Number of protein chains: 2
Amino acid sequence: MKAEIITVGTEILLGDILNTNCRYLSRELAAMGIEMYYQITVGDNEERLLKTLEESLNRSDIVICTGGLGPTEDDITKEVCAKYFGYELELHKPSLDAMIERFKHMNRVPTKNNEKQAYFPKEAYILKNDNGTAPGCIMEKEGKMIVVLPGPPREMESMFENYVKPYLSKLTDDVIESEVLRIIGVGESKVENDILDIIDSQTNPTIATYAKGYECTLRITAKAKSVEEAKELIKPMSDEMKRRFGQSLYATGETSIEEVVSKMLVENNLKIAVAESCTGGMVSASLINYPGISSVFMEGCVTYSNEAKMKSLGVKKETLDVYGAVSDKCAKEMASGVAARYNTNIGIATTGIAGPDGGTDEKPVGLVYFGIYINGKVISKKYVFNGDRQGVRERATRTILNDLRLELLNMEK
Amino acid sequence: MKAEIITVGTEILLGDILNTNCRYLSRELAAMGIEMYYQITVGDNEERLLKTLEESLNRSDIVICTGGLGPTEDDITKEVCAKYFGYELELHKPSLDAMIERFKHMNRVPTKNNEKQAYFPKEAYILKNDNGTAPGCIMEKEGKMIVVLPGPPREMESMFENYVKPYLSKLTDDVIESEVLRIIGVGESKVENDILDIIDSQTNPTIATYAKGYECTLRITAKAKSVEEAKELIKPMSDEMKRRFGQSLYATGETSIEEVVSKMLVENNLKIAVAESCTGGMVSASLINYPGISSVFMEGCVTYSNEAKMKSLGVKKETLDVYGAVSDKCAKEMASGVAARYNTNIGIATTGIAGPDGGTDEKPVGLVYFGIYINGKVISKKYVFNGDRQGVRERATRTILNDLRLELLNMEK
């Protein structure tokens, strides 16, 4: 079973957009045991897309197209794929109704050019778009398949996961199961080094490392005749990874460090207040992404100025004068202060130099202190983060959440 | 002058790596006025790479290959390209000497398999690798050109910038200039509808719409003999867009709504404080992304609970009891309250239902109120945003920044 990916979009050829869709689909198809030997990008051009469809379907069984499902004149992917198979497009009323409903919810009305997004070949299997306007579809003819997906990654990934994957799974006898293990605070090359023996000897299951968003994930994939068999193949390797990485391996599956920490807080009814300087609200925002956080999240402060640190958190003027806002002493006072103010079990604080300006030899750009107060005890942690202004803030946000997690884990012992 | 990019590497087909090289090269080539209609990814396979080279060079004049210049058995790109042109490889002693010197600097010695990295066709123009081991090269034959570059982005980008770009610049006369216009608060299909006449009649310059991150951008691209001429072609169309979209067209070039708003605040020395509920810190974090914001950003509060709204912002208990936290009255009191607390010119506030739970018929998920206080006057705005929890919060964040921008623009009149 061979597949190819055709990314449709002149903006990709011009380099306006980074093609993350192709990578996502490659991983998913590889995990499903579907082989891939070519990936092509073409522009919003009927002639070239038709030619590419022909070449690809001469070589492979399945083509997955992303992009070109929008309402504009440049959006031609579905039309061209239908033309390739000789299928006519007709109005699919349920799709049009769903579109009108979606637009109503946003106090908008579909324009005339939106309507074509509800036209499909009657032969097509239509794929709902849970995160956007345009449904996708799967067209088949004489043993060849074209899957037509939207360009925006959030829409494409959701559609693929919920509707395409189950459809494609029926094509192969083997079952492919994967387990994703999430590691934080360890760089990808170190992770790979630490499991080199396993990487070199892998057959089934396979293991691969992926670095993304300041984390490294391990993906263990097994192929077997049933889900149970596949899981049995995965378990020993998974257990070995947990043994080797210890607390750095913070979760299994699709989750995030903020979700894991938020759950710990809610499940243990630990009230928390957050005081931020350089991270500017990102730590609060991460925790508040968790539905149900309201039971424990009391308040967050973005005390960006020295006055705000003193007035809202009770940081001492002497501390700011003698040690400065970017110091372990200040971080501890911020954490204790915000916890005291809202009478919470936990107070966490960030203070640092995000850059690009403000650094000195003694206190360089990227220097960030954390204060972590838990039930009467307060500690500080010091880091120097790499990256630009946004990068330093993002790294600091993820790291303080992980440090809180480790403190809570070790507290329970 | 037409070019194609061939990315060589099985790891790309498996989705192990995100293909950033292709985007980098696309942008560079577009800026040089070199046309591109296809991009292909193939694995480390001689037969498929030969076939792809043949198809690409039948269609285009230049092929740029990245990847496969390493020392391992899988690295075959240079060998296959030479084979395609019928060129023999021979040892290039200066490259070997440079490699030995580089390894010496790292306290290492080249292994036997490194040596092939110093073999080139005598016909080739060799490209130094300032950031890695393997030089690249440019091979030409009968009007066709193959550029062979390493895979690691840092090596590839440096080699392209320093050695390939000057070589290619000599090939083209034309210059391509683009202008990006940023529109907020108008959906892509409405934008296209409003400029359909221009889209239909475009020749040079061209215009294209791109939807991304709750914004729509317009890209106007002109081709001419010089940068000045190209800019003169762009101007009339750009002026027309500004006329048609008015205040919805908020900026030109690479920027963001938060950057534009932050600049307005700093340039007008307007002190601001922010009170957030459902957005949880995202609005504060957006403003704080702007270096220099400290001159005007006093403090942010994430008043997630009713108690915090009353205690920190002075929201009246009666307001919360009678109208609820998600109401225009509460939003106004939050905005006025946070401005009063820090004695700022501006206070902005968000309160809403991000979901997935908490919605009712009267107050559905996605309902968000903004409070905007400016120098004694306070207004509220009401929206119902589409999307999941993160989507509602992101949309609300961008929208309140834009609403603040519009209030400030209209204030100046």
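For clarity, every value in this text was computed on a predicted model and none was experimentally measured. (Residues numbered from 1 in each chain as written. Chains lettered and ligands numbered in written order. Predicted model: local features only at pLDDT ≥ 70, side-chain atom pairs only at ≥ 80, totals over all residues. Heavy atoms only, no water.)

**Regarding the packing of aromatic side chains**
Residue and element names in this part refer to chain A. Our working rule: Pairing of aromatic side chains requires ring centres within 6.5 Å, counting the rings of Phe and Tyr and the six-membered ring of Trp. Pairs whose planes differ by under 30 degrees are stacked, by over 60 edge-to-face, and all others tilted. Per the convention used, a helix needs a DSSP run of H or I reaching at least four residues, while a strand needs a run of E reaching at least two, with both numbered from the N terminus. When accessible area is computed with a 1.4 Å probe and restricted to protein chains, residues below 20% of their type maximum are described as buried, those above 50% as exposed, and intermediate ones as partly exposed. Charges are assigned to positions over rings by a cutoff of 6 Å between ring centre and Lys NZ or Arg CZ, combined with an angular limit of 35 degrees from the ring normal.
Summed over all chains, the structure comprises 16 aromatic pairs over all chains. Geometrically, the ring pair formed by F370 and F385 is tilted, given 6.3 Å between the ring centres and 35 degrees between the ring planes. Of this pair, F370 sits in strand β16 (residues 367-374) while F385 sits in the loop between β17 (377-384) and α15 (389-411); the two residues are 15 residues apart in sequence, bridging distant segments of the chain. Of the two residues examined, F370 and F385, each falls in the buried class. The rings of Y84, F85 and Y87 are connected pair by pair, giving a single aromatic cluster. Here K78 stacks its cationic end above the ring of F120, 4.1 Å away from the centre of that ring.

**Observations regarding the interface of chain B and chain A**
Here is the rule we go by: In what follows, residue pairs with any heavy atoms lying within 4.5 Å of each other are defined as contacts. Two parts placed together each lose some accessible area under a 1.4 Å probe, and adding up what both lose gives the buried area. Counted as salt bridges are all cases of a side-chain nitrogen of Lys or Arg within 4 Å of a carboxyl oxygen of Asp or Glu. What qualifies as a polar contact is a pair of N or O atoms within 3.5 Å, subject to a donor-acceptor requirement within protein and to the restriction that residues adjacent in sequence count only when both atoms come from side chains. When residue character is reported, Ala, Val, Leu, Ile, Met, Phe, Trp, Tyr, Cys and Pro are called nonpolar, Asp, Glu, Lys and Arg charged, and the others, Gly included, polar. Between any two strands, at least two bridges found by DSSP are needed for them to pair.
Across the boundary between the two partners, chain B contributes 72 residues, which contact 73 residues of chain A. Between chain B and chain A, a total of about 5900 Å² is buried, with carbon and sulfur atoms accounting for 50% of that surface. Taken together, the connections running from chain B to chain A amount to two salt bridges. The closest approach of N and O atoms between D388(B) and R154(A), which form a salt bridge, is 3.3 Å. Summed over the shared surface of chain B and chain A, the result is 34 residue pairs in polar contact (both at pLDDT 80 or more). Residue contributions to the side of chain B that touches chain A peak at seven residues, all from strand β2 (residues 35-42) of chain B. When grouped by side-chain class, the residues that make up the side of chain B that touches chain A number 31 nonpolar, 25 polar and 16 charged. Relative to strand β14 (residues 297-302) of chain B, strand β14 (residues 297-302) of chain A runs antiparallel, the two being bridged by three bridges. Residue pairing in the sheet places V302(A) in a bridge with G300(B) of β14(B).

**So, the pairing of strand β7 (residues 136-141) of chain B**
Residues and elements named next belong to chain B. Sheet analysis places strand β6 (residues 125-127) next to β7, joined by three bridges and oriented antiparallel. Across the sheet, the residue bridging to I126 is C137, located in β7. Direction of pairing for β7 relative to strand β8 (residues 144-149): antiparallel, over a ladder of five bridges. Along β8, the bridge assignment pairs I138 with V147.

**A closer look at the nonpolar core**
Most often, soluble globular proteins have nonpolar side chains that are buried together. The criterion, for reference: Working definition of a nonpolar core: buried Ala, Val, Leu, Ile, Met, Phe, Trp, Tyr and Cys residues. They are joined through side-chain atoms within 4.5 Å.
Residues L53(A), M139(A), I146(A), L53(B), M139(B) and I146(B) are the most contacted members of the largest nonpolar core, which totals 48 residues. Non-local contacts of M139(A), meaning those with residues more than four positions away in its chain, are made with K78(A), C81(A), A82(A), F85(A), Y87(A), P121(A), A124(A), K144(A), M145(A), I146(A) and V148(A).

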